[in-house]
Amino acid sequence: MNYQGVIKRYRQHLPVTKNTPIITLQEGNTPLLLSKSLSKIVGQKVEVYLKYEGLNPTGSFKDRGMTVAVSKAKEDGVAAVICASTGNTSASAAAYAAIASLQCVVLIPKGAIALGKLAQALIHGPKVIAIDGNFDDCLKLVREITAEYPITLVNSLNPNRIEGQKTAAFEICDVLGVAPDYHFIPVGNAGNITAYWKGYQEYKQLGKITRLPKICGFQAEGAAPIVRKKIVKKPQTVASAIKIGNPASWEKAEAARDESGGLIDIVSDQEIISAYKFLAVKEGIFVEPASAASVAGLLKMAKQGFFKNEILGRQAGEIRIVCVLTGHGLKDPDCAIAAIKKPKTLAVNLKAVVKEIGL
Ligand SMILES: *Cc1c(COP(=O)(O)O)cnc(C)c1O
């Protein structure tokens, strides 16, 4: 049968029953692309794969969690769902609420949402409220509202979101036949790093993989509370999806790091934009800036010689690294336009155009 989304594919691993209505846009089953250019940079015996989550129905991995969260909300008979969002959660919640015929409310930080995400949230018809504060303020409000009123929270604090998102780890293992050695991922509110670690651990318990990857998370320099061990009151970064100063799953992210023997480190906005351009130019993949944090982290560590000892004594292609590319580049067109030189304008003049091309 045709692919029908992550719940149908992985239902025995998910908290669904025959009474759960399956609300799906056929999310998941995203490409795992071998990056020749990154493999070459990191080392001869290394294969770097890119898990391109920007190809989910609303353009980010949030859809994997939202299909489960909204299906369960529908099963529970609630009338409405609510989330705080830097953009992608609201886009996803609004789309899944639309097919589930649920009301949806989204709280977004005023002026801090990338253009594509704002368009998505608005077009699917939720009640959108811009808050004169940052993401952390929005999430605090949503937690207070859901504690008092009959409306279901669909941020990653909702365990059903984590359940759905762990399916990306299953897909990676199913495609590679093993777990990767390293798993690189951007960290914002820290739900996704939590979900991947849960997914890998469950697959190991089931005997589907024999070892676990080291989880390497990356926060933006101006929004790195976990690395700095301190809440960041005014997070700043070009990567709006990880512009979070007080991650909800802080401790779980630390657990994923420590239990896996991995790390959580910082990448600068400059490193993020450089990886963002690299992916577009060398791999033909357009991601939003937050997504490039995983690759920026990999490039930073490769430059520091981190993988040298790993590579010694290994066969070619033996070290597998997966970088998660969390969201699509069209989410944030302003970032792309700002990052690249504007095209030159010429008159309708064949000679001048030919000269400009350099022929
Ligand atoms: C949500 C999001 C992140 C951060 O994921 P967390 O689960 O909040 O850590 C990173 N990139 C993109 C594109 C996102 O939408």
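Attention in this report is confined to the structure presented alongside it. Since we're looking at a predicted model, the values are computed, not measured. (Residues numbered from 1 in each chain as written. Predicted model: local features only at pLDDT ≥ 70, side-chain atom pairs only at ≥ 80, totals over all residues. Heavy atoms only, no water.)

## Quick word on the environment of Met-66
Working step 1: Positionally, Met-66 belongs in helix α3 (residues 62-75).
Working step 2: A C-alpha to C-alpha distance of 27 Å links Met-66 and Asp-258, two positions 192 residues apart in sequence.
Working step 3: Apart from the residues within four sequence positions on either side, Met-66 is in contact with Ser-71, Thr-89, Ser-92, Ala-93, Tyr-96, Val-154 and Arg-161. (Helix = DSSP H or I, 4+ residues; strand = E, 2+ residues; numbered from the N terminus. Contact = heavy atoms within 4.5 Å.)

## Quick word on the packing of aromatic side chains
Working step 1: Using the criterion set out here, one finds 10 aromatic pairs in the structure.
Working step 2: Relative to Tyr-203, the ring of Phe-170 lies with its centre 4.4 Å away and its plane at 10 degrees, an arrangement referred to as stacked. Linking Phe-170 in helix α8 (residues 167-176) with Tyr-203 in helix α9 (residues 191-205), this pair joins segments that are 33 residues apart in sequence. There is no split in this pair, since Phe-170 and Tyr-203 are both buried.
Working step 3: Site record: aromatic cluster; members linked through ring pairs are Tyr-182, Phe-184, Phe-218, Phe-306 and Phe-307. (Phe/Tyr/Trp six-rings, centres within 6.5 Å; stacked < 30°, edge-to-face > 60°. Buried < 20%, exposed > 50% of the residue type's maximum accessible area, 1.4 Å probe, protein only.)

## Notes on the sheet that holds strand β5 (residues 127-131)
Working step 1: A sheet is described by the order of its strands in space; here four strands give the open sequence β5-β4-β3-β6, paired in parallel fashion. Sheet topology places β5 and β6 (152-153) at the edges, where each strand pairs with a single neighbour.
Working step 2: With five bridges connecting them, strand β3 (residues 80-84) and strand β4 (residues 103-109) associate as parallel partners. Within β4, the residue paired with Ile-82 across the bridge is Val-105. (Pairing = 2+ DSSP bridges.)

## Considerations on the pairing of strand β2 (residues 46-52)
Working step 1: In terms of burial, β2 is largely enclosed, as six of its seven residues are buried.
Working step 2: As defined by bridge partners, strand β1 (residues 32-35) adjoins β2 across four bridges and the pair is classed as antiparallel. When the bridges of β2 are listed, Leu-33 appears paired with Leu-50.
Working step 3: When β2 meets strand β10 (residues 319-325), the two strands line up parallel, connected through seven bridges. Within β10, the residue paired with Val-46 across the bridge is Ile-319.

## Things to note about the nonpolar core
Working step 1: Core analysis: the biggest nonpolar cluster contains 40 residues, and Phe-184, Phe-307 and Ile-321 have the highest contact counts within it.
Working step 2: Of all the secondary structure elements, the ones that give two or more residues to this core are α2 (36-42), β2, β7 (182-186), β8 (214-220), α12 (269-283), α13 (292-303), β10 and α15 (333-339).
Working step 3: When residues in this core are grouped by element, the largest group, seven residues, is from α13.
Working step 4: With sequence-adjacent residues up to four places away left out, Phe-184 is seen in contact with Cys-216, Phe-218, Ser-294, Gly-297, Leu-298, Met-301, Phe-307, Ile-321, Val-322, Cys-323 and Val-324.
Working step 5: Ala-169, Tyr-200, Ile-209 and Trp-250 belong to the second-largest nonpolar core, a separate cluster that totals 31 residues. (Core = buried A, V, L, I, M, F, W, Y, C linked by side-chain atoms within 4.5 Å.)

## What about the layout of surface pockets?
Working step 1: Space inside the largest pocket adds up to approximately 300 Å³.
Working step 2: Forming the walls of the largest pocket are 16 residues, and the residues nearest its centre are Ile-162, Thr-194, Ser-249, Glu-251 and Lys-252.
Working step 3: Of all the secondary-structure elements, those providing two or more residues to the lining of the largest pocket are α7 (159-165), α9 and α11 (250-260).
Working step 4: It is α11 that contributes the most residues to the lining of the largest pocket, six residues altogether.
Working step 5: Within this model, the second largest pocket holds a volume of roughly 260 Å³.
Working step 6: Forming the boundary of the second largest pocket are 13 residues, of which Asp-136, Asp-137, Lys-140, Ile-231 and Asn-246 lie nearest the centre.
Working step 7: Taken together, the residues of the lining of the second largest pocket sort by class into five nonpolar, three polar and five charged. (1 Å grid on protein atoms, 1.4 Å probe; cavity = no way out; pocket = protein on both sides within 12 Å on 5 of 7 lines; lining within 4 Å. Points joined across faces, edges and corners; volume = space filled by probe spheres on them. Nonpolar A, V, L, I, M, F, W, Y, C, P; charged D, E, K, R; others polar.)

## Thoughts on the site of the ligand
Working step 1: Neighbouring the ligand are 16 residues, the closest being Lys-62, Asn-88, Asn-189, Ala-190 and Thr-326.
Working step 2: With respect to the ligand, the backbone of Asn-189 contributes an N or O atom lying 2.8 Å from an oxygen atom.
Working step 3: Interatomic distance of 3.1 Å between a backbone N/O atom of Gly-191 and an oxygen atom of the ligand.
Working step 4: Here the ligand loses 97% of its free accessible area of 380 Å² to cover by the protein chains.
Working step 5: For the ligand, the cavity whose grid points lie within 2 Å of the majority of its atoms is the largest cavity.
Working step 6: Considered class by class, the residues forming the shell around the ligand number six nonpolar, eight polar and two charged. (Near = heavy atom within 4 Å. Polar contact = N/O pair within 3.5 Å; in protein donor to acceptor, adjacent residues only side chain to side chain. Areas by Shrake-Rupley, 256 points an atom, 1.4 Å probe, with all protein chains shown as cover. Sits in = over half its atoms within 2 Å of the grid points.)

## Quick notes on the pattern of salt bridges
Working step 1: Inspection of the entire model under this criterion finds 15 salt bridges.
Working step 2: Glu-171 is paired through a salt bridge with Arg-64; the nearest N and O atoms lie 2.9 Å apart. Placement of Glu-171 in helix α8 and of Arg-64 in helix α3 is noted, with a sequence separation of 107 residues between them. In this pair, the class of Glu-171 matches that of Arg-64, namely buried.
Working step 3: Glu-356 is the salt-bridge partner of Lys-344, the closest N and O atoms lying 3.2 Å from each other. Here Lys-344 is found in the loop between α15 and α16 (350-357), whereas its partner Glu-356 is found in helix α16, with 12 residues between them in sequence.
Working step 4: Residue classification places Lys-344 among the exposed positions, given a relative accessible area of 59%. (Salt bridge = Lys/Arg side-chain N within 4 Å of Asp/Glu carboxyl O.)

## Some details on the side chain of Asn-155
Working step 1: Looking at where Asn-155 falls in the secondary structure, it is placed in the loop between β6 and α7.
Working step 2: When its relative accessible area of 3% is taken as the criterion, Asn-155 is described as buried.
Working step 3: At 2.7 Å, the side chain of Asn-155 forms a polar contact with the backbone oxygen of Ala-84.
Working step 4: What Asn-155 contacts, discounting residues up to four positions off in sequence, is Ile-82, Cys-83, Ala-84, Thr-89, Phe-135, Leu-139, Val-142 and Arg-161.

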